[in-house]
Amino acid sequence: MTTKTTIIVTAVFNPDQMASAQEYMQRAVPMLINGGGEIIRRVKVERAVVGDQSYNACLVMDFSSANAVDAVFNSDEYAEIIPLRETGFKSMNIVIASSM
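Along each chain, residue indices are assigned from 1 in the same order as the chain's sequence is written. Reporting in this predicted model follows two pLDDT cut-offs: at least 70 for local features of residues, and 80 or more for side-chain atom pairs to be given and counted; totals over whole chains, interfaces and linings ignore these cut-offs and use all residues. For the side-chain quantities, the full set of heavy atoms in the structure was used; hydrogens and water were omitted.

Peer 1: Would you explain the sheet that holds strand 2 (residues 38–44) in this entry?
Peer 2: As a general point, the strands of a sheet are linked pairwise by backbone hydrogen bonds and lie either parallel or antiparallel. One open sheet accounts for four strands, arranged 2-3-1-4; its pairing is antiparallel. Either end of the sheet is taken by a strand with one partner, and the two such strands are strand 2 and strand 4 (89–97). Each adjacent strand pair in this sheet contributes to an overall mean axis angle of 10°, direction not counted. Relative to strand 4, strand 1 (residues 5–13) runs antiparallel, the two sharing eight bridges. Of the residues in strand 4, the one forming a bridge with F13 is F89. Packing of helix 1 (residues 18–34) onto the sheet brings it into contact with strand 1, strand 2, strand 3 (57–63) and strand 4, and relative to strand 4 it is tilted by some 20°. Strand pairing requires that DSSP identify at least two bridges connecting the strands. Put simply, DSSP marks the helices as runs of H or I at least four residues long and the strands as runs of E at least two long, and each gets a number from the N terminus on. Here, axes are lines fitted to C-alpha atoms. For helices the fit covers the stretch in contact, and angles between N-to-C directions go from 0 to 180 degrees. Throughout, a residue-residue contact means that at least one pair of heavy atoms, one from each residue, lies within 4.5 Å.

As structure tokens, then:
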């Protein structure tokens, strides 16, 4: 059995910089897919049922390994879009998760 590595991305858009957010997503998602990622779910958060709604978008992807994830996020190509991420989003968290 192969254990996959999952990334979970949560983000809060910067409404004043939506063009930057959209360009970031248009470049980052294909980069992640080309790096071996498979989109499991991509959602817009509607509301919190319990707790605080601290983000308004969420992406869940599976990769073959943590090394594959690191290769994407440590690449020169990804480094080029970091300024778009920093202006297009008020916050973004990208975490590696594993099955419990």
